[in-house]
Amino acid sequence: MLGKALSRLTGNARAEPAAAARSAAGAAPAGIARMVGTAGRVGLALLQRMALSVSCEDFIAFMQVPVLVGSAIHQGTLSSAQAAAGAREMNRTSLFEPMEDAEQAASPSESLRHAIYPLVKGEHASSIGPFFSIGRTDGNDCIMPDYAISRKHAAIEVRRGAYLLRDNGSTNGTFLNGARLQTRPIEIHDRDVISFARYEFTFLLPGSFYDMLRGA
């Protein structure tokens, strides 16, 4: 049933249920993997239509992996680097200074609201093993080309069915539910709020993501 629904939505008559195949990394179903763009994102509109077309059980079978869903961009200022234009500046990370007023620091962003990053290995990612890498440059599974994001900003490791978040010594930090991470990995759970520099995401398991897409 899920394969037929995906075929209707994408126009691909050969689409198959996710359980039938996995990516080369063995960590994600081929269904969601083939929907991921070069930056690691998938389109929100297509997933919304899919969630309205299939049961929760079928949707979970299709996804199989959690997602990072964009929820806010924290307001503040970036130091120096972005003022000098040029591709070479992407090799430098700018220090982000958030606003002091916490109530005004986070604002919804329409573009970020559409940022959905499934935890699947990117086709051209350089990371190996059960890791999902987040950073500014090519070679990461999740690519966020922003001066506030370090080149190798953070990673999520899959360990015995658990998901552990680790900061890679980034300039502007990785935050879990408002607390800045230190060097050791921390287990993350459904609906946790994760921030990479000024970008805030919600970590959702497939069932919770299904509910979100259906407006539950």
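Residues numbered from 1 in each chain as written. Predicted model: local features only at pLDDT ≥ 70, side-chain atom pairs only at ≥ 80, totals over all residues. Heavy atoms only, no water.

Novice: I tried to follow the packing of helix H3 (residues 44-53) against helix H4 (residues 56-63) on my own but got confused; where do I start?
Specialist: Relative placement of two packed helices is described by the angle separating their axes and the distance separating the axes. The N-to-C vectors of H3 and H4 enclose an angle of 140°; their axes lie 8 Å apart at closest approach. Considered as vectors, H3 and H4 are oriented oblique to each other. Taken together, the residues of H4 that come into contact with H3 (itself represented by Leu47, Met50 and Ala51) are Phe59, Phe62 and Met63. Counted by class, the contact of H3 with H4 contains six nonpolar, no polar and no charged residues. (Axes fitted to C-alpha atoms, helices over the stretch in contact; angles between N-to-C directions. Helix = DSSP H or I, 4+ residues; strand = E, 2+ residues; numbered from the N terminus. Parallel < 35°, antiparallel > 145°, perpendicular 65-115°, else oblique. Contact = heavy atoms within 4.5 Å. Nonpolar A, V, L, I, M, F, W, Y, C, P; charged D, E, K, R; others polar.)

Novice: Can you walk me through the pairing of strand E1 (residues 67-74) in this structure?
Specialist: Regular strands place side chains that alternate from one sheet face to the opposite one. Counting buried residues in E1 gives seven out of eight residues, a clear majority hidden from the surface. Here E1 pairs with strand E5 (residues 116-118) via three bridges, running antiparallel. Paired with Leu68 across the two strands is Tyr117, which belongs to E5. (Buried < 20%, exposed > 50% of the residue type's maximum accessible area, 1.4 Å probe, protein only. Pairing = 2+ DSSP bridges.)

Novice: What is the right way to read the pairing of strand E8 (residues 154-159) from this model?
Specialist: Taken together, the four bridges between strand E6 (residues 131-135) and E8 define a ladder with antiparallel strand orientation. Looking across to E8, one finds that Phe132 is bridged to Ile156. Judged from the six bridges that link them, E8 and strand E9 (residues 162-167) form a sheet pairing that is antiparallel. Note on E9: the bridge partner recorded for Arg159 is Ala162.

Novice: What is the right way to read the sheet that holds strand E7 (residues 142-143) from this model?
Specialist: To summarise the sheet geometry, strands pair through backbone hydrogen bonds and adopt either a parallel or an antiparallel arrangement. Reading across from one edge, E7-E6-E8-E9-E12 is the order of the five strands in this open sheet, with mixed pairing throughout. Looking at the sheet topology across the chains shown, the edges are occupied by E7 and strand E12 (186-188). Bridge analysis of E9 against E12 gives three bridges, and the strand direction is antiparallel. By the bridge assignment for E12, Leu164 is matched with Glu187.

Novice: Even after reading the chapter, I still don't get the confidence of the model for the protein, so can you show me in this structure?
Specialist: When pLDDT is low, close inspection of the predicted coordinates is not appropriate. In this model, the protein carries a mean pLDDT of 78, and residues with pLDDT of at least 70 account for 69%. Looking at the elements of the protein, mean pLDDT is at its lowest for strand E4 (residues 106-107), recorded as 47, and at its highest for E12, recorded as 98. Across residues 81-87, where pLDDT falls below 50, the model places six contacts with residues more than four positions away in sequence or in other chains. (pLDDT = per-residue confidence, 0-100.)

Novice: Mind showing me how you'd approach the side chain of Asp146 here?
Specialist: Within the secondary structure, Asp146 sits in the loop between E7 and E8. In this structure the side chain of Asp146 is engaged in a polar contact, spanning 2.8 Å, whose partner is the backbone nitrogen of Ala148. (Polar contact = N/O pair within 3.5 Å; in protein donor to acceptor, adjacent residues only side chain to side chain.)

Novice: Help me understand unusual backbone geometry in this model?
Specialist: Backbone geometry follows two general trends: most residues other than glycine have a negative phi, and most peptide bonds adopt the trans configuration. The backbone phi angle of Gln64 is positive, close to 65°, even though this residue is not glycine. Relative to the elements of secondary structure, Gln64 occurs in the loop between H4 and E1.

Novice: Would you mind going over the packing of aromatic side chains with me for this structure?
Specialist: In this description, a pair of aromatic rings is defined by centroid distance and the angle of the planes. Under the counting rule described, the total for this entry stands at five aromatic pairs. Here the aromatic rings of Tyr117 and Phe201 are separated by 5.8 Å at their centres, their planes lie at 75°, and the arrangement is edge-to-face. You can see Tyr117 sitting in strand E5 and its partner Phe201 sitting in strand E14 (residues 199-204), a full 84 residues away along the chain. One exposure class covers both Tyr117 and Phe201, and it is buried. (Phe/Tyr/Trp six-rings, centres within 6.5 Å; stacked < 30°, edge-to-face > 60°.)

Novice: Looking at this structure, how should I read the pattern of salt bridges?
Specialist: Between side chains of opposite charge, a pair can form as their charged atoms come close. Under the criterion given, the structure shown has three salt bridges. In this structure, Asp146 and Arg198 form a salt bridge, with 2.7 Å as the shortest nitrogen-oxygen distance. Linking Asp146 in the loop between E7 and E8 with Arg198 in the loop between strand E13 (193-196) and E14, this pair joins segments that are 52 residues apart in sequence. One exposure class covers both Asp146 and Arg198, and it is buried. A salt bridge links Glu157 to Arg159, with the nearest nitrogen and oxygen atoms 2.9 Å apart. Using a relative accessible area of 32% as the deciding quantity, one classes Arg159 as partly exposed. (Salt bridge = Lys/Arg side-chain N within 4 Å of Asp/Glu carboxyl O.)

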